[in-house]
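Structural overview
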Amino acid sequence: MEEPKEKLEKLLKSHELRVTSKRLDVLSVIHSYGSAIPYSKVQEELKDFDRVTLYRTILVLLDNGIIHKIQVEDQEVYYALCGHTCDTEEHHHEHLHFHCSECETVSCVEPDKQLKVLLKGYQISQVNVQVNGVCLECQAV
Ligand SMILES: [Zn+2]
Ligand SMILES: [Zn+2]
Ligand SMILES: [Zn+2]
């Protein structure tokens, strides 16, 4: 956890959340992972958290637009940090979730062309697009 805590503290404050050591611990684990982190990894990193505390802490971060959940088919749940576009009201993402079938990494990827999903008459609050394939690193091997 080499990432400066101030940045994550600011993140919590900008979402009007109280800075607690538990929230900071969860955030820094997610932040330092690089790609989206599987739930089991979060548990592994935070062994001193009991299940309920970990679940509740994650829920607060989800509800306040700081992190988002990625559900990959047949896989466990992954978590990643949100951009500046999310808040307590809504998550606004226009990126894709790329799942590599070789290394099982899940990453948030900005598409070359902006995705616009328009459904006449429907109010869209969130769009989840999951793409499967082989990531750049696995292709390089
Ligand atoms: Zn979000
Ligand atoms: Zn890969
Ligand atoms: Zn994402």
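Residues numbered from 1 in each chain as written. Chains lettered and ligands numbered in written order. Predicted model: local features only at pLDDT ≥ 70, side-chain atom pairs only at ≥ 80, totals over all residues. Heavy atoms only, no water.

The tally for this structure, following the rule as stated, stands at one aromatic pair. Considering the side-chain rings of Tyr 39 and Tyr 79, the 6.2 Å spacing of their centres and the 65° angle between planes classify their relative orientation as edge-to-face. Of this pair, Tyr 39 sits in helix H3 (residues 39-45) while Tyr 79 sits in strand S3 (residues 77-81); the two residues are 40 residues apart in sequence, bridging distant segments of the chain. In terms of burial, Tyr 39 and Tyr 79 fall into one category: buried. Stacked on the ring of Phe 49, the Lys or Arg Lys 22 has its end atom at 4.9 Å from the ring centre. (Phe/Tyr/Trp six-rings, centres within 6.5 Å; stacked < 30°, edge-to-face > 60°. Helix = DSSP H or I, 4+ residues; strand = E, 2+ residues; numbered from the N terminus. Buried < 20%, exposed > 50% of the residue type's maximum accessible area, 1.4 Å probe, protein only. Lys NZ or Arg CZ within 6 Å of the ring centre and 35° of its normal.)

Another aspect to go through is the coordination of the zinc ion (ligand 2). Four donors placed tetrahedrally around a metal ideally meet at 109.5 degrees, and six donors placed octahedrally ideally meet at 90 or 180 degrees. Taken together, Cys 100 (SG), Cys 103 (SG), Cys 135 (SG) and Cys 138 (SG) make up the full set of protein donors to the zinc ion (ligand 2), lying 2.2 to 2.3 Å away. Taken together, the four donor atoms coordinating the zinc ion (ligand 2) span angles of 106 to 117° at the metal, a pattern that classifies the geometry as tetrahedral. Mapped onto the polypeptide sequence, the residues donating to the zinc ion (ligand 2) form the spacing pattern C-x2-C-x31-C-x2-C. With a gap of 35 residues between them, Cys 103 in the loop between strand S4 (96-100) and strand S5 (106-109) and Cys 138 in helix H5 (residues 136-140) connect regions that are remote in the sequence. (Donors = N, O, S within 2.8 Å, 3.2 Å for Na, K, Ca; no water. Tetrahedral: all angles 85-135°; square planar, octahedral: opposite > 155°, others 65-115°.)

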